Amino acid sequence: MRFLPSQENMETKTIKDESKDTQTTERISGSEAIIKCLLAEGVDILYGYPGGAIMPVYDELYKYQDQIHHVLTRHEQGATHAAQGYARISGKVGVAIATSGPGATNLITGIADAQIDSTPMVCITGQVGSHLLGSDAFQETDIVGISTPVTKWNHQITKASEIPEVFAKAFYIAKSGRPGPVLIDITKDAQFETFDFTYEKCKGVRSYKPVPDTNEDTLKAAADLINNAKKPLIVWGQGVILGQAEEEFKAVIEKAGIPSAWTILGASAIPTSHPLNVGMVGMHGNYAPNVLTNECDVLIAIGMRFDDRVTGNLATYAKQAKIVHFEIDPAEVDKNVQTDVAVLGDAKASLKALLPLLNKNSHTKWHQQFKDLYQIEFEKVIKNDLHPVKDGLTMGEVLKEINSQTKGEAAIVSDVGQHQMIACRYADFNVSKSNITSGGLGTMGFALPAALGAKMAAPEREVIMIAGDGGYQMTIQELGTIFQQNIPVKIVVLNNEFLGMVRQWQQLFFDKRYASTEMVNPDFVAIAKGYHIEAKKVTERKDLKSAVKEMVDCKGPYFLEVRVEKEDNVFPMIPTGASVSDIRLE
């Protein structure tokens, strides 16, 4: 959901925050006002990197160290991914801060990632003085123009008096409705300027309706289709988690007895072991839900957007089925797949209203089809991934060992590539908000900073990062952040000395022409130890269990490198342009 109204058309309704005494007026600088706005919004951690254009804010941060913990990342991109990890596991708004010019542009990848994955984030950038705008001044970049396509909303502040209203709107927009990233750019003179400060939280913005009204007739129409279906299938996405609708979702599928599959970002809304959880859909998803998508008679999509990696060839996707779409963002309805019934609204409220309209059902014969196809996938793929007979270690057996020693309760933060697909396929997700990964943008380098942000947001949870040797090196410098902050995140690198996913495509579709995908890697263990992080390397199966135990038992950060088979492939796989029912097992 994009929100880019003109500034002239914005009208804000506000509420008084009694707990912060926000109505008290005091004359302060713009930079101090920024800190007070963050405190009023409950921000206790922010990630960033200082520089000249944002220095006044950092000077104020120095005075508020006991109230806001600033984490110095080693790169601004790391700050955005850390803020994403923080937001994804906590449900709160993540905050990142940077200076102008290259500091601001280095945020863009993380902002784009947050936009497509609906992650609530507020990014603050410094800017040259307002009298220099448009003059190509040192470290001046039009970050508002650059970020417009990848933000839910953005705004440039040139007067200190604008700060309270803009910050209130920013946090409201970022976290309301379908969440997303917001950017606030602040000129240096606005940071120095003084004004009479008060703060009121934003309650609403004219022209922006974050949650559309749910029409009772569409709910009844959806219930009728579901009740009369012989072969219904649910595909759920992250909307269930973002809407905090896990319990309502569980109640719906259990009452209706519907087999339910998930998109990558939807994973963990219900436990992996739930009997109605039939696995992952999409390019490397499970065999049964992909094949049977083209056999179901009613397909119920909940909080997902029919991404191309889920649908495969749209011309052949579920053409036999009636489509019911539960969605908070009207822009996603009928965008890729034509629906028969669209239920707009918040997932929690919609599913709660749907529940009494549903008939109790079991669909026993339909479920058996999923079980039969699962058995085919187990024999051809899963057995070899989890219980290999070959000498080399597989990525799947590493995830199996992690499951065993964490009881499926760890938060798994994965990077992008083969290891990501293996982690999504084989990790046990028994707690909601346990699968944190880059979905829509597919950002290599996401995992390490996102994992440190997730661990800081949820220190009581075991947070385990899974990365390949390629993506890991894109943000490897964040080991310095982990060391300086002493963040007890667990780092697992599955090293196959290739850019594995690209290599797999080169093997299958480019006659094994491995162009620029083989990696000559450094000594990862030595690098981790250079940052005073405990580290170990495993090359043989007999050492895997003890190494994972040592990692899990470690009270501080830990790095584990596992050398896996160089040319293992991830199956099942839907080739690009193919139908979901053409999924390959080998």
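Residues numbered from 1 in each chain as written. Predicted model: local features only at pLDDT ≥ 70, side-chain atom pairs only at ≥ 80, totals over all residues. Heavy atoms only, no water.

Colleague: So what's going on with the overall build of the chain? Which residues, and what values?
Modeller: The helix and strand inventory of the chain stands at 23 helices and 22 strands. Against the compact-globule benchmark of 25 Å for 586 residues, the chain has a radius of gyration of 24 Å, which places it among compact chains. In terms of principal-axis extent, the alpha carbons of the chain reach across some 70 × 65 × 40 Å. Here the chain holds 586 residues, and the buried ones make up 60% of them. A fraction of 77% describes how many contacts in the chain between residues 6 or more apart in sequence connect residues 24 or more apart. In the chain, the 59 positive side-chain charges and the 72 negative ones have mean positions that sit 5 Å from each other. (Helix = DSSP H or I, 4+ residues; strand = E, 2+ residues; numbered from the N terminus. Rg over C-alpha atoms; globule rule 2.2 N^0.38 Å. Buried < 20%, exposed > 50% of the residue type's maximum accessible area, 1.4 Å probe, protein only. Contact = heavy atoms within 4.5 Å. Lys, Arg positive; Asp, Glu negative; His and termini not counted. Charge placed at Lys NZ, Arg CZ, Asp CG, Glu CD.)

Colleague: Tell me about the packing of helix α16 (residues 395-406) against helix α23 (residues 544-553), and please be specific about residues and values.
Modeller: Where α16 contacts α23, the axes come no closer than 10 Å and their chain directions differ by 50°. In terms of orientation, α16 and α23 fall into the oblique class. Pair α16 / α23 crosses with right-handed handedness. Facing Glu397, Val398, Glu401, Ile402, Gln405 and Thr406 of α16, the residues of α23 in contact are Leu544, Lys545, Val548, Lys549 and Val552. Considering only residue class, the contact of α16 with α23 consists of 5 nonpolar, 2 polar and 4 charged. (Axes fitted to C-alpha atoms, helices over the stretch in contact; angles between N-to-C directions. Parallel < 35°, antiparallel > 145°, perpendicular 65-115°, else oblique. Left-handed = near helix turned anticlockwise from the far one by under 90°. Nonpolar A, V, L, I, M, F, W, Y, C, P; charged D, E, K, R; others polar.)

Colleague: Requested: an account of the domain arrangement of the chain, with residues and values cited.
Modeller: Here the chain is partitioned into domain 1 (26-197), domain 2 (216-369) and domain 3 (391-563). The distance between the C-alpha centroids of domain 1 and domain 2 comes to 37 Å. Every contact between the two is made by 7 residues of domain 1 and, on the other side, 7 residues of domain 2. Of the roughly 620 Å² buried between domain 1 and domain 2 on both sides combined, carbon and sulfur atoms contribute 53%. (Domains from an automatic or database assignment. Buried area = accessible area lost by both parts, 1.4 Å probe.)

Colleague: Give a description of the sheet that holds strand β20 (residues 490-495) that names residues and reports values.
Modeller: Ordered in space as β18-β17-β19-β20-β22-β21, the 6 strands form an open sheet in which the pairing is parallel. The strands lining the two open edges of the sheet, one partner per strand, are β18 (435-437) and β21 (534-538). When strand polarity is set aside, the average angle formed by the axes of neighbouring strands in this sheet is 20°. Pairing of strand β17 (residues 411-414) with β18 involves 3 bridges; the strand directions are parallel. Looking at the pairing, isoleucine 412 lines up with asparagine 435 of β18. (Pairing = 2+ DSSP bridges.)

Colleague: Go over the pattern of salt bridges with me, naming the residues and quoting the values.
Modeller: Within the structure shown, the criterion is met by 25 salt bridges. With its nearest N and O atoms 2.8 Å apart, the salt bridge here joins glutamate 332 to arginine 178. In this pair, glutamate 332 is assigned in the loop between β15 (322-327) and β16 (341-344) and arginine 178 in the loop between α7 (163-175) and β8 (181-187), connecting sequence segments 154 residues apart. For the pair shown, glutamate 332 and arginine 178 are each scored as buried. We note a salt bridge from lysine 549 to aspartate 553, for which the minimum N-O separation is 2.7 Å. Of this pair, lysine 549 and aspartate 553 are both found in helix α23, 4 residues apart, which corresponds to roughly one turn of the helix. In this structure lysine 549 comes out as partly exposed when scored by relative accessible area, which is 45%. Classification of aspartate 553 as partly exposed rests on a relative accessible area of 44%. Through salt bridges that share partners, Arg178, Asp329, Glu332 and Lys335 make up one connected network. (Salt bridge = Lys/Arg side-chain N within 4 Å of Asp/Glu carboxyl O.)

Colleague: How would you summarise the pairing of strand β6 (residues 121-127) if you had to cite specific residues and measurements?
Modeller: Taking burial as the measure, the 7 residues of β6 include 7 buried ones, the bulk of the element. Alternating residues of β6 divide into Met121, Cys123, Thr125 and Gln127 and Val122, Ile124 and Gly126, and every residue in both groups is buried. Taken together, the 5 bridges between strand β5 (residues 94-98) and β6 define a ladder with parallel strand orientation. Paired with alanine 98 across the two strands is threonine 125, which belongs to β6. Here β6 runs beside β8; their pairing, made up of 7 bridges, is parallel. Along β8, the bridge assignment pairs methionine 121 with proline 181.

Colleague: Any details on the sheet that holds β16? Residues and values, ideally.
Modeller: With parallel pairing, the 6 strands of this open sheet are ordered in space as β13-β12-β11-β14-β15-β16. The two strands at the open ends of the sheet, each matched to only one other strand, are β13 (277-280) and β16. The sheet shows a mean angle of 20° between the axes of neighbouring strands, taken without regard to direction. By the bridge criterion, 3 bridges tie strand β12 (residues 260-262) to β13 in an arrangement that is parallel. By the bridge assignment for β13, alanine 261 is matched with glycine 279. Packed on one face of the sheet, helix α11 (residues 246-256) meets β11 (232-236), β12 and β14 (298-302) and runs near 165° to β11.

Colleague: Pulling in residues and values, what's your account of the state of the cysteines?
Modeller: Per the counting criterion, the structure on display carries 0 disulfides. Free of any disulfide, cysteine 202 has its nearest neighbouring cysteine sulfur in cysteine 37, separated by 12 Å. For cysteine 202, a relative accessible area of 9% puts it in the buried group. (Disulfide = S-S within 2.5 Å.)

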